[in-house]
Amino acid sequence: MASAERSLSVILDDIALKIMMVEPGDLSIIGELLELADECINSDESKKQPVSVEMAQSFKSVLEQLIMGEVSDSAESYDHLGQCVSLMQEMERSGCEDESITGRFCDHLRQTGYKIDSGKFPVLVADQGAAPKDEEPDTRFLQDRELLHGFIDESVEHLESIENLILELEKNPDDPESINAVFRAFHTIKGTSALVDLDTVNQLAHRIENLLDAVRNGHRKMDSGVADMVLRVSDLLLTMIQNVKDVAEKGLEYYQRFDISVLIEQIDLVEGGGAGMEDGEEETSPTGNISLGEGEVPDFMQDPELLSGFISEAYEHLESIEVHVLELEQDSDNLDIINNIFRPFHTIKGVSGFLNLKTINTLAHTTENLLDDVRNGIRPMSTEIIDVVLDVGDRLRSMVQNISDVLEQGPEAYQPFDISDSVKMIKALQEEGDGAPDISPPPAEEQAKESSETVVEPTPSVSVTVPPPKISQPSKAAFSPKRKVKVQAEIKVNVEKLDSLVNAVGELVIMQAMVHQNPLINDIGEPKLLKDLSQLARITTELQKTAMSMRMVPIRQTFQKMTRLVRDLSKKTGKNVDLIMRGEETEIDRNMVDSIYDPLVHMMRNSVDHGIQVPEERRKNGKSEKGTVTLSAYQKGGNIVIDIQDDGDGVATEKIRTRALERGLITDNDHLTDHEVNNLIFLPGFSTVDKITDVSGRGVGMDVVKKGVEKLRGIVELNSTPGEGSQFLIRLPLTLAIIDGIIVRIGSERYIIPTVAIQESLRPKQENYNSVHSRGEALLIRDQLVPIIRLNRLFGVAADSSDPCEGIVVVVENEDRQRALLVDELLGKQEVVIKSLGGYMKDIKGLAGGTILADGRVGLILDLAGIISASEEMGMTDFPDKMGD
Amino acid sequence: MEAVEGTENVESGGGMKDLEGKYLTFTLASEEYGVGILQVREIIGVMEITAVPQTASYIKGVINLRGQIIPILELRIKFGMEPQGYDDRTCIIVVEVQQETGSVQVGMLVDSVSEVLNILEEQIEPPPVFGSTTLDTDNILGMAKIKGKVKILLNIDKVIGKEGVLSQFEEMAGQKASG
């Protein structure tokens, strides 16, 4: 290339540029890169630094392997090479040997699939080897990102479930179901973490699994020590997994090393502390235990939910097996492919094992053994093996199919499978490769050996002729019709895609309405066209419903977070609190989940901290020492109701009244009912607690609740019975995206009033109209004076007439306040998609947002709470105003 | 004119060199203005505007731009000129401005759109200093002299400002009650 010697940095810049431009398959650029790498190696600057030379050399040999096809010629490899070059540049700039740089360099090299030869590059590998454990993160877990993401999601779910189960267990320590469930969750985490090469997670999960195993086998009592330990472990695991996620998303610099040795020692102590029963690793290992636990969990129908998860997973695995096996036919020595086949079998084996699916377990296990031999090089890959693996795959598929049939249709659908011939065939293949002398043992014995190995078939008498494996008997016995669970296939969808689908459907609904209402089209009056149009309307509505339901999620997860909160709070405050949850399956809009969390936390805190009394006080009042907080959710009309009840002392109404008077929030003349007084706690800066605890009570809690709930267009209310307890009621709309509204007209403008708040609409009669000081106006409706709000004045638009008797009033209710909104005309009822007016116009008092009406114009959606308070501020209705705020 | 704080425009920091580039020019009364082409999303004709209460007088309301609701500013009112009726030359220039919460699209009502001009560094002069109280030149990036005519280059981020909503609702309430 250049005749004169160029400086190293120039060469590296050149390399970086070329790497950036290289396309997979473009060998000519790689050729140029090779030359440049040579130039690097021979440059005088490099020679001063052995590491630099080695980096360049290893870089070069990766390139060579790329050309030879030993390293995959993919964009990903080039990405890593690009990273390598930038690290070389960094090294060149800093001019010193930085171990972290070489470490990262080696990482990237490895990720291209290149194996660094320590003999060839002693300095490089030594540098990185000098501090292998502390400096260089073990990045094997990044190899299969998809698998990793699956693992992260799944594990977080498991850990959350563990938390809840443990809290459950604290109440009911002898519940074998919960112990088993916790055990299973850790077991799964253990298994999958090994699969994605997360050793620390694996070790920790394994250790705690052992502890739990001791518990469920009765060697150790379930007590608070165990519970605390499990919670701590699950917290740490959560942090670790979060870190893994960070690393996967943001890069290696986020990698954090966790020291679990202390915790493991403590687990040992806890385990030892129970009954002094310390099993050896092998004995407590989970595989051994599944057979031990058979008595307790006799059939695979114990956990239909888990089972249906397994079914959909298994299908995926089997599919990937098939794909990879076919790949293998083309390229029979590729270790990666063999590993890709091995892993799904391994997973199927593991999961079927703890689900007690013995036949599947045996078959998967046997095949796994065979594949293990192949990947360890004990046996070459052959067409026979490929055939067998494919055959096993097919068999497993029909078995899984059968299980899903059983789940759906009941035990009658159960069909026994005879797998002995497959097992025999695999065995034969294994032995053949071994070249072992005992080539032909009697089949029955062989089978027996196999079964004892896999701890599946309890009797050695199973032979080709015994058709139903043991599995059938207990499963039928345990069936009850209630247990029928429909196996539903699920896919994970990107949230953004979902949102944009929902938006598009919203648009579609509007457009459909626009077409439908177009007078020109209606004038055509052709029956076929009209029929088609109404069909279109139906389909659109259907589509809208489906799209909306896709956004709905059960409130369970949000509720479950409260369990932990209540536990911690009650420990902190020395109270004895029982949390009862109901209606966790109630579905709410996914977008609401996050926003409802904070208000819920504040209310739960309030209930536990202020509502429930300390045990002594409860005893004095003749209540049981244990307080109860009930958290329930249900659907009522177009609302979701969240109800938090405690059986404490109720709200100190008089205290609130005094405090409100002190603060000037109310006056003596304000004759408020107790209920109204109680609800004053939702005003900003209101707190009645005598002593401020660190838990709650700085007076910021309740107005946060109110604001949060109102943001969601909901209502919050406090009911209290002195001495018996208090109740928070939150009413939320079903969905945030759509509201049902009445379109009203004032002059040339149209507004939408949410139907929920509307009580009635009527044309006022002169005799019912009253005005006070010719400013406050009210209407007598069924013996009640309802203040009138002239929307045209509030919004500064010209109305048709200033005489209320020529317009229409819409009577609305908001927070127990009735108002009559004066409008010119009612135009109709419509479901409208709420759209924000944009950041530029947010938080306009009296407006909840905008929507696009059928004619394509924007209509404004009214926010009644805002309108009422705005009208009060404007002094338009200072008539019977009970609750000025 | 009220002082509006906008996100600092890159262009306002450096010298005139940074201001060089393409501008979309438009007219308001007899004056010519320019806005950096990169911030212009599209130009649309006037459509029906839904008035929004409790907003500043220069906010005419909102329109439906292909399913998205965007606010419309009347630049004449914003700059303290006499508003005039719309004709077939009246346009809405939709611009995108950066705010803390992300980018926001806003439409600006102008009398007419002229052309896209490539304005060079040497054609641009800093905004003139008028009497301190009569005119706030914060909105102006510079003055471009082209063929004897002056185009006022606008700092759109400053013009649009953070929020168009009147924060002092009481003020309005007072007006309404007395009026």
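Residues numbered from 1 in each chain as written. Chains lettered and ligands numbered in written order. Predicted model: local features only at pLDDT ≥ 70, side-chain atom pairs only at ≥ 80, totals over all residues. Heavy atoms only, no water.

**Q** For the overall build of chain B, give the residues involved together with the corresponding values.
**A** When helices and strands are tallied, chain B shows four helices and 11 strands. In chain B, which comprises 179 residues, the share counted as buried stands at 49%. For chain B, the proportion of contacts with a sequence separation of at least 24, taken over those separated by at least 6, is 58%. Summed over all atoms, the accessible surface of chain B reaches about 8900 Å², with 50% contributed by carbon and sulfur. (Helix = DSSP H or I, 4+ residues; strand = E, 2+ residues; numbered from the N terminus. Buried < 20%, exposed > 50% of the residue type's maximum accessible area, 1.4 Å probe, protein only. Contact = heavy atoms within 4.5 Å. Areas by Shrake-Rupley, 256 points an atom, 1.4 Å probe, with all protein chains shown as cover.)

**Q** Run through the pairing of strand 13 (residues 784-790) of chain A, naming residues and quoting values.
**A** Residue and element names in this part refer to chain A. Of all seven residues in strand 13, five are buried, a share of seventy percent or more. The sheet contact formed by strand 12 (residues 776-781) and strand 13 spans four bridges and is antiparallel. The residue of strand 13 that forms the bridge with Leu 779 is Val 786. Two elements, strand 13 and strand 15 (residues 817-823), share three bridges in a ladder whose sense is parallel. (Pairing = 2+ DSSP bridges.)

**Q** I'd like to hear about the sheet that holds strand 5 (residues 639-646) of chain A, residue by residue, with values.
**A** All names here are of chain A. With mixed pairing, the five strands of this open sheet are ordered in space as 2-4-5-7-6. Edge strands, defined here as strands with exactly one partner in the open sheet, are strand 2 (577-582) and strand 6 (715-721). Averaged over all neighbouring strand pairs, the angle between strand axes comes to 15°, with direction disregarded. Note: strand 2 against strand 4 (residues 627-636), six bridges, orientation parallel. The residue bridging Met 581 from the neighbouring strand is Leu 631, located in strand 4. (Axes fitted to C-alpha atoms, helices over the stretch in contact; angles between N-to-C directions.)

**Q** Run through the pattern of salt bridges, naming residues and quoting values.
**A** All names here are of chain A. In total, this model carries 22 salt bridges over all chains according to the counting rule given. For the salt bridge of Glu 777 with Arg 790, the shortest nitrogen-to-oxygen distance reads 2.8 Å. One end of the pair, Glu 777, is in strand 12; the other, Arg 790, is in strand 13, and 13 residues separate them in sequence. Across the pair, exposure class does not vary: Glu 777 and Arg 790 are buried alike. Sharing partners across several salt bridges, the network here consists of Glu 654, Arg 657 and Asp 674. (Salt bridge = Lys/Arg side-chain N within 4 Å of Asp/Glu carboxyl O.)

**Q** Got a sec to walk through the confidence of the model for chain B? Specific residues and values, please.
**A** Residue and element names in this part refer to chain B. When pLDDT is averaged across chain B, the result is 77; 76% of the residues are at 70 or more. Within the model, the stretch residues 1-14 combines pLDDT values under 50 with 27 contacts to residues more than four positions away or in other chains. In the model, residues 165-179 has pLDDT below 50 throughout and makes 20 contacts with residues more than four positions away in sequence or in other chains. (pLDDT = per-residue confidence, 0-100.)

**Q** Can you break down a nonpolar patch on the surface residue by residue, with the values?
**A** All names here are of chain A. Among the surface-exposed residues, Leu 17, Met 20 and Met 21 lie close enough to one another that they form a single nonpolar patch of about 350 Å² accessible area. With respect to the element layout, Met 20 can be found in helix 1 (residues 8-21). For Met 20, a relative accessible area of 67% translates into the label exposed. (Patch = residues over 30% accessible without salt bridge, like charges linked within 9 Å, V, L, I, M, F, W, Y side chains within 5 Å.)

**Q** Which residues make up the packing of aromatic side chains, and what are the values?
**A** Residue and element names in this part refer to chain A. Inspection of every chain in the model, using the stated rule, returns four aromatic pairs over all chains. Each ring, one from Phe 682 and one from Phe 728, has its centre 6.3 Å from the other, and the planes form 70°; the classification is edge-to-face. You can see Phe 682 sitting in the loop between helix 29 (674-678) and helix 30 (701-711) and its partner Phe 728 sitting in strand 7 (residues 725-733), a full 46 residues away along the chain. The exposure class of Phe 682 is buried, given its relative accessible area of 4%. With a centroid separation of 5.0 Å and an interplanar angle of 45°, the aromatic rings of Tyr 751 and Phe 795 are classed as tilted. You can see Tyr 751 sitting in strand 9 (residues 749-754) and its partner Phe 795 sitting in helix 31 (residues 791-795), a full 44 residues away along the chain. (Phe/Tyr/Trp six-rings, centres within 6.5 Å; stacked < 30°, edge-to-face > 60°.)

**Q** Describe the packing of helix 9 (residues 176-195) of chain A against helix 10 (residues 199-216) of chain A, naming the residues involved and giving the relevant values.
**A** Residues and elements named next belong to chain A. Helix 10 packs onto helix 9 with a crossing angle of 155° between their chain directions and a minimal axis gap of 8 Å. Comparing their axes, helix 10 and helix 9 come out roughly antiparallel. Relative to helix 10, helix 9 is oriented so that their crossing is left-handed. Residue-level contacts link Ile 179, Asn 180, Val 182, Phe 183, Phe 186, His 187, Ile 189, Lys 190, Ser 193 and Ala 194 of helix 9 to Val 201, Asn 202, Ala 205, His 206, Ile 208, Glu 209, Leu 212, Asp 213, Val 215 and Arg 216 of helix 10. Residues belonging to the contact of helix 9 with helix 10 are distributed by class as follows: 11 nonpolar, five polar and four charged. (Parallel < 35°, antiparallel > 145°, perpendicular 65-115°, else oblique. Left-handed = near helix turned anticlockwise from the far one by under 90°. Nonpolar A, V, L, I, M, F, W, Y, C, P; charged D, E, K, R; others polar.)

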